[in-house]
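So you can see what is in the structure, the chains are spelled out below.
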Amino acid sequence: MQTIRGFRDILPEKISLWQKVEKEATHLFKSFGFKEIRIPIIEKTQLFARSIGEVTDIVEKEMYTFEDRKGDKLTLRPEATASIVRSYIQHKMYATDPIRKFYMVGPMFRRERPQKGRYRQFYQIDAEIFGVESAYVDSQLIFLLNQLFKRLGLTGLSAHINSLGCPECRPSFQKVLLDFIESKKDMLCENCLRRMDKNPLRILDCKIENCRNAIAHAPATLDHLCNECSDHFNTVKKALETQGVDFIVDKSLVRGLDYYTRTAWEIQTTTLGAQSAVAGGGRYDGLVKELGGPQTPAIGFAIGFDRLVEVMEQIDKIPEPLPLDLFIISLGDTAMEKGYHWSCELNQKGIRTEIDFRGKSLKALMKRADKLAARYVLIAGENELIENAIILRNMNTKEQVSLSMEDMIPELIKIFKK
Ligand code: HAM
């Protein structure tokens, strides 16, 4: 049996970089006042269709959607934002404190064509802030990402930022865009032609080369912002500059989800081939209301955890796991029973101890101790028990001492807690 295409195991040898990233990220989130939220992996299909947008690649082509035994249409979450908004509304969080900051880490599912950096089950580190309209929050989130990457020792990443406007300025932009697209109609793919009526902005996100050429000089939202959006974007840029966060204004950045308003961004790398976005995010001031809550500004981002780890693998050695403190060799039934209790006690005290219960020979077990790179080995056979002199061998210096059973545990604790 094999994993299904686009799904993979992350094996213990690889896990330490994942843990390092998660530890840094959660530490940083907490210092910015975020709280962890956990959301279901499956939601009603409607939730994603209405928030991400019916006419997006994710909803049209990539969702794992199925009917359960009662015929309800359900979907494996392709992202976290929609669910977190649902949760914010469902639990009426806006009523007690509209300002909320959440983070979550977990798997997402999209049926894309698998390649390096692109999987059908992938992981995101997601952060969302509700209830604040200020542009300083936009720059604060980009600053946070910048800090995280710095702490992880990553360089060569660039923040691409854009403004996608708001319901005030978007209709007039859409008109200008449609006029332009009309003149390029014969170069567009079927998908784009279909999207002209339903959601012309999506054409700007088409990945097909002909379409990309056709829209190369298309009008950009950034040149058609209303005054409020323009002021907002200027404040974001100024606040980033003041904090020394480098960014590139990228007029062509549109993002693949429909809910964005105003600031949108991606953190890109040049080292992962086609899958250049390590993180993406933006403001979505209309989504809470759209899904049935009160008008609430909101903003967030998601880091592609798999991609971030892949970038780190290029520069960072996988940290060595901590060595085993003690390997217990018990020879014979009585020694096995004693060894079992000693190991329980030492494990409880936080000392990395293992014991082998297979009843193998001393030679075989010494080999195993070497394989596990144990710092010390405890040897207890029938003789050692009778003489109340258990052998403790330092595997590094090869020195051996004998310990009485009464003193043994306190002595070991002294050695390992140093
Ligand atoms: P997104 O741009 O669709 O945004 O995904 C965020 C990140 O997830 C991407 O930049 C990429 O690193 C990673 N990612 C996406 N698809 C895959 C895949 N198939 N395999 C590996 N990594 C992938 C969102 O999901 C939004 N919910 C972000 C957000 C939060 N906006 C506001 N709040």
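As shown above, the structure is provided for reference.
Report follows, based on the coordinates. Every value quoted in this text rests on a predicted model; they were computed, and no experiment measured them.

Cut-offs and rules
Residues numbered from 1 in each chain as written. Predicted model: local features only at pLDDT ≥ 70, side-chain atom pairs only at ≥ 80, totals over all residues. Heavy atoms only, no water. Near = heavy atom within 4 Å. Polar contact = N/O pair within 3.5 Å; in protein donor to acceptor, adjacent residues only side chain to side chain. Areas by Shrake-Rupley, 256 points an atom, 1.4 Å probe, with all protein chains shown as cover. Helix = DSSP H or I, 4+ residues; strand = E, 2+ residues; numbered from the N terminus. Nonpolar A, V, L, I, M, F, W, Y, C, P; charged D, E, K, R; others polar. Pairing = 2+ DSSP bridges. Axes fitted to C-alpha atoms, helices over the stretch in contact; angles between N-to-C directions. Contact = heavy atoms within 4.5 Å. Phe/Tyr/Trp six-rings, centres within 6.5 Å; stacked < 30°, edge-to-face > 60°. Buried < 20%, exposed > 50% of the residue type's maximum accessible area, 1.4 Å probe, protein only.

Remarks on the site of the ligand
- Taken together, 27 residues lie around the ligand, and Glu79, Glu112, Arg255, Tyr260 and Ala277 are the ones closest in.
- Contact distances for the ligand include 3.1 Å between an oxygen atom and a side-chain N or O atom of Gln124.
- At 2.8 Å from an oxygen atom of the ligand is found a side-chain nitrogen or oxygen belonging to Arg255.
- Relative to its unbound accessible surface of 660 Å², the ligand loses 96% to contact with the protein.
- Secondary-structure elements contributing two or more residues to the shell around the ligand are strand E6 (121-130), strand E10 (277-283) and strand E11 (298-304).
- The element contributing the most residues to the shell around the ligand is E10, with six residues.
- The class makeup of the residues in the shell around the ligand is eleven nonpolar, eight polar and eight charged.

Thoughts on the sheet that holds strand E2 (residues 42-44)
- Pairing is antiparallel in the open sheet, where three strands are placed in the order E2-E4-E3. The open sheet is flanked by E2 and strand E3 (65-67), the only strands paired with a single partner. Across the sheet, the mean angle from the axis of one strand to that of its neighbour is 35°, orientation sign disregarded.
- Relative to strand E4 (residues 73-76), E2 is paired through three bridges, and the arrangement is antiparallel. Following the sheet pairing, Ile42 is matched in E4 by Leu76.
- Sheet strands touched by helix H2 (residues 45-52): E2, E3 and E4. Its angle to E2, the strand with the most contacts, is close to 75°.

Details of the packing of aromatic side chains
- Enumeration according to the criterion identifies 16 aromatic pairs in this entry.
- Between Phe7 and Tyr64 the ring centres are 6.0 Å apart and the planes differ by 75°, which places this aromatic pair in the edge-to-face class. With a gap of 57 residues between them, Phe7 in the segment before helix H1 (15-31) and Tyr64 in the loop between helix H3 (57-62) and E3 connect regions that are remote in the sequence.
- Take Phe7: its relative accessible area is 18%, and that puts it in the buried class.
- Geometrically, the ring pair formed by Phe29 and Phe34 is tilted, given 5.3 Å between the ring centres and 55° between the ring planes.
- In this structure Phe29 comes out as buried when scored by relative accessible area, which is 1%.

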